[in-house]
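Remarks on the overall topology
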Amino acid sequence: MWTRSWRERWFFAGMSAFIIIYVILPLFTMFARADWKIVVQTAMDPVVLDALWRSVWTAGASTAVIALFGTPLAYILARRSFKWKATIEAVIDLPIMVPHTVAGIAILMTVSPKAPVGSALVSMGLSPINSNLGIVIACIFVSIPFYVDATRDAFAAVSPRLEKVSRNLGAPFGYTFFHVTLPLARRGILSGLIMSWARAVSEFGAIVIISYHPMVAPVLIYDRFATFGLKYSSPIAVQLILISLVMFILLRVFAVGESRFGRGDSSDQA
Amino acid sequence: MIRLEELSIDLPGFSLKPLSMSVSEGECFMIVGPSGAGKTLLLEVLAGLQPASGGKIHLKNRNITNIPPEKRNLSIVYQDYALFPHLSVEKNIRWGLRFRTEKSSGRNIDHLLDLLKLRDLLHRDPETLSGGEKQRVALARALAVDPDILLLDEPLSALDTLFRYELLDYLRKLNEEGITILMVTHDFGEVLALGKRVAVLIDGVLEQTGIVKDVFNYPLTTEVAKFVGMSNIWTAEKTGEHQVLLPSGRQLSTQLNGEPGPCIVGIRPEEIVPHVDDGYGERENMLAGTVTSIVHRGAIMEMTVDVDGTPFKTLVTTSDLVRKGFEVGTKAKLEVRTESVHIIKNGRNQK
């Protein structure tokens, strides 16, 4: 790194500080101004606990489904070039561009009993509207790009030569994938899982259209805000943030502790 | 041992023209060519890591063209070692063993660890090894599975000079132990140091195959001639028995014979001996000219002498340069022995 003048230092520090404060300030304010008596009170409220738990597990379920189907796709996108690759990558990123209420309406039209997919689900005894299933379906839609993009980049950072050497020495494809590619891409994949889960746990727009009830935490927060005002909605928000933070920190600690060879690790550049 | 039959590769941006060649058991066969000639790709096709577009590969009289890589028993060693960074040296070396059923592998490993002096490194992390150590680990890992052929992809080019000589010795030892080696490189020096037979691959075309010394001394095409360091190449005219006429009108005697007509003449720079101009005029293959440039080529200097408009490149040592007083602008006399004048393209290079 070259020597920097104080002008440069202040420029970079000032610009960066704006972004960092922009993220931290509202969250900090929410914590600072929270009425902790009500926070404790709502923590005992079964309706709140039910919504928080639903948020956590539906986000987990949607992430699991995405990981199962998205991993092979991410691998192919990282390793092969083919005719429609750019188009597929653009399609994968569509949920980021589409307003979430629009996504909700699109999914609702697809899974409503009048549509083929919806009627198929209903005939299987499943109810995709106003149900946990509906929540998971909405979460999958909005979270897909976060997992697939991160995992694709993680796979791309693993040298294909390592896989070639493994195959060359007698290891079949599956063994090579689980013992070479996956351990080396683990950090990036974990980051994809966290992002995907976090996106799902914070989803409101799509869920509120497909499944107002049973309520997930963001819908409950909105419901309390609309009915009782800020005082009774912010405590749930504080709890949701706390749960997300704990999950985030746990996974990060786990990821850093376990993986020394993931994407962005300094040993890669050595 | 391995036989390629009209093997071709067709990929966007690169194609390998149908190529036939064979490597015998215990041989150290070299494929040499400039960077980007498709040498690594060829090795990967042999190992089954890239598909061939046409032709066949036979290993021990078995057609392996469509067999998956894990069932071919050809080990590849890459220039960048490709050691598994998440595993210790020992686990790297033992990687292929779990997929083998033969009981001899354990003994083989012990022998390899001694031969390649790896015992002290077994518990190390690959990242902490030097280039030479990494390459030895990669070699041991490739040989642990007792492959039919060891495929080497420029194994020396990423190494420092010191490690390069060391690894050359190891490779020689392995070959002496009966291991069949097929190595690709862009450095003809390595070919001379290690190989017995060589194939020259330029722009996806197999230009020449043969004994290393023959290819070095008697290149069949100008591409090969340039590649093996024959830096004096001119279009000329074969005028009569053992005579060629250079474009400058200068006549050169050669030991080669052939039909009169247009041809290409090649002379290795180290086969031209520069003398101080004695002022006695020219004799047969003794040409007088003026030094036009002197350039460092590592430990040796390349001196260009202009003879009637034809630049002759020759090599001189620094001490020779001082002793004979060569400088840009001084006169020099070049001695070209008749056996050093090669005719490259006159149909064939007749020996």
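Residues numbered from 1 in each chain as written. Chains lettered and ligands numbered in written order. Predicted model: local features only at pLDDT ≥ 70, side-chain atom pairs only at ≥ 80, totals over all residues. Heavy atoms only, no water.

What follows covers the overall build of chain B. The helix and strand tally for chain B stands at nine helices and 20 strands. Dimensions of chain B, computed from C-alpha atoms along their principal axes, come out at roughly 75 × 45 × 35 Å. Within the span of chain B, comprising 351 residues, buried residues form 51% of the whole. (Helix = DSSP H or I, 4+ residues; strand = E, 2+ residues; numbered from the N terminus. Buried < 20%, exposed > 50% of the residue type's maximum accessible area, 1.4 Å probe, protein only.)

The next subject is the pattern of salt bridges. Applying the stated criterion to the full structure yields 27 salt bridges over all chains. A:Arg152 is the partner of A:Asp149 in a salt bridge, and the nearest nitrogen-oxygen pair spans 3.8 Å. Of this pair, A:Asp149 and A:Arg152 both sit in helix 7 (residues 132-156), three residues apart, which is roughly one turn of the helix. The class for A:Asp149 is buried, based on a relative accessible area of 16%. For A:Arg152, a relative accessible area of 17% puts it in the buried group. Measuring nitrogen to oxygen at the nearest pair gives 3.4 Å for the salt bridge that ties B:Lys39 to B:Glu154. (Salt bridge = Lys/Arg side-chain N within 4 Å of Asp/Glu carboxyl O.)

What follows concerns unusual backbone geometry. Leaving glycine out, the prevailing phi sign among residues is negative, and the prevailing peptide bond configuration is trans. Cis geometry is found at the peptide bond from A:His213 to A:Pro214, where omega equals -10°. Following the sequence through the fold, A:Pro214 ends up in the loop between helix 10 (205-210) and helix 11 (217-228). The backbone phi angle of B:Lys117 is positive, close to 50°, even though this residue is not glycine. Positionally, B:Lys117 belongs in the loop between helix 3 (105-115) and helix 4 (131-144). Classification of B:Lys117 by relative accessible area gives exposed; the value is 53%. The phi angle at B:Asp203 is positive, at roughly 50°, despite the residue not being glycine. Position of B:Asp203 among the secondary structure elements: in the loop between strand 9 (197-202) and strand 10 (205-211).

All names here are of chain B. Looking at chain B as a whole, its pLDDT mean stands at 88, while 96% of the residues score no less than 70. Taken together, the stretch residues 346-351 has pLDDT below 50 and engages in 18 contacts with residues farther than four places along the chain or on a different chain. For this predicted complex, the interface confidence score (ipTM) comes to 0.82, while the overall pTM stands at 0.83. (pLDDT = per-residue confidence, 0-100. Contact = heavy atoms within 4.5 Å.)

A separate point is the packing of aromatic side chains. A full pass over the atoms with the stated rule returns 16 aromatic pairs over all chains. Note on B:Trp234 and B:Phe312: the rings are 4.6 Å apart at their centroids and 50° apart in plane angle, and the pair reads as tilted. Of this pair, B:Trp234 sits in strand 11 (residues 232-240) while B:Phe312 sits in strand 18 (residues 310-316), and the two are 78 residues apart along the sequence. On the accessibility criterion, B:Phe312 (1% relative accessible area) is buried. Ring-pair connections join several aromatic residues into one group, and the members of that group are A:Tyr75, A:Phe155, A:Phe173, A:Phe177 and A:Phe178. Here B:Arg268 stacks its cationic end above the ring of B:Phe216, 3.7 Å away from the centre of that ring. (Phe/Tyr/Trp six-rings, centres within 6.5 Å; stacked < 30°, edge-to-face > 60°. Lys NZ or Arg CZ within 6 Å of the ring centre and 35° of its normal.)

As a further point, take the sheet that holds strand 9 of chain B. Residues and elements named next belong to chain B. What the six strands build is an open sheet, ordered 6-7-8-3-9-10; its pairing is mixed. Strand pairing shows two members of the sheet lacking a second neighbour, strand 6 (74-77) and strand 10, which therefore form its edges. The mean inter-strand angle of the sheet, taken between neighbouring strand axes irrespective of direction, is 15°. Judged from the four bridges that link them, strand 7 (residues 149-153) and strand 8 (residues 181-185) form a sheet pairing that is parallel. Along strand 8, the bridge assignment pairs Leu-151 with Leu-182. Against the sheet, helix 1 (residues 39-47) engages strand 3 (28-32), strand 6, strand 7, strand 8 and strand 9, with an angle of about 155° to strand 7. (Pairing = 2+ DSSP bridges. Axes fitted to C-alpha atoms, helices over the stretch in contact; angles between N-to-C directions.)

Bringing the interface of chain B and chain A into the picture now. Interfaces are often sized by the accessible area lost when the parts come together. Listed per partner, the contact involves 28 residues of chain B and 19 residues of chain A. In total, chain B and chain A occlude about 2,100 Å² of area from one another, counting both sides; carbon and sulfur atoms represent 62% of this. Looking at the side of chain B facing chain A, the largest losses of area belong to B:Glu70, B:His86 and B:Trp95, adding up to 28% of the total buried there. Our count for the contact surface shared by chain B and chain A stands at four salt bridges. With a closest N to O distance of 4.0 Å, A:Arg161 and B:Asp153 form a salt bridge. (Buried area = accessible area lost by both parts, 1.4 Å probe.)

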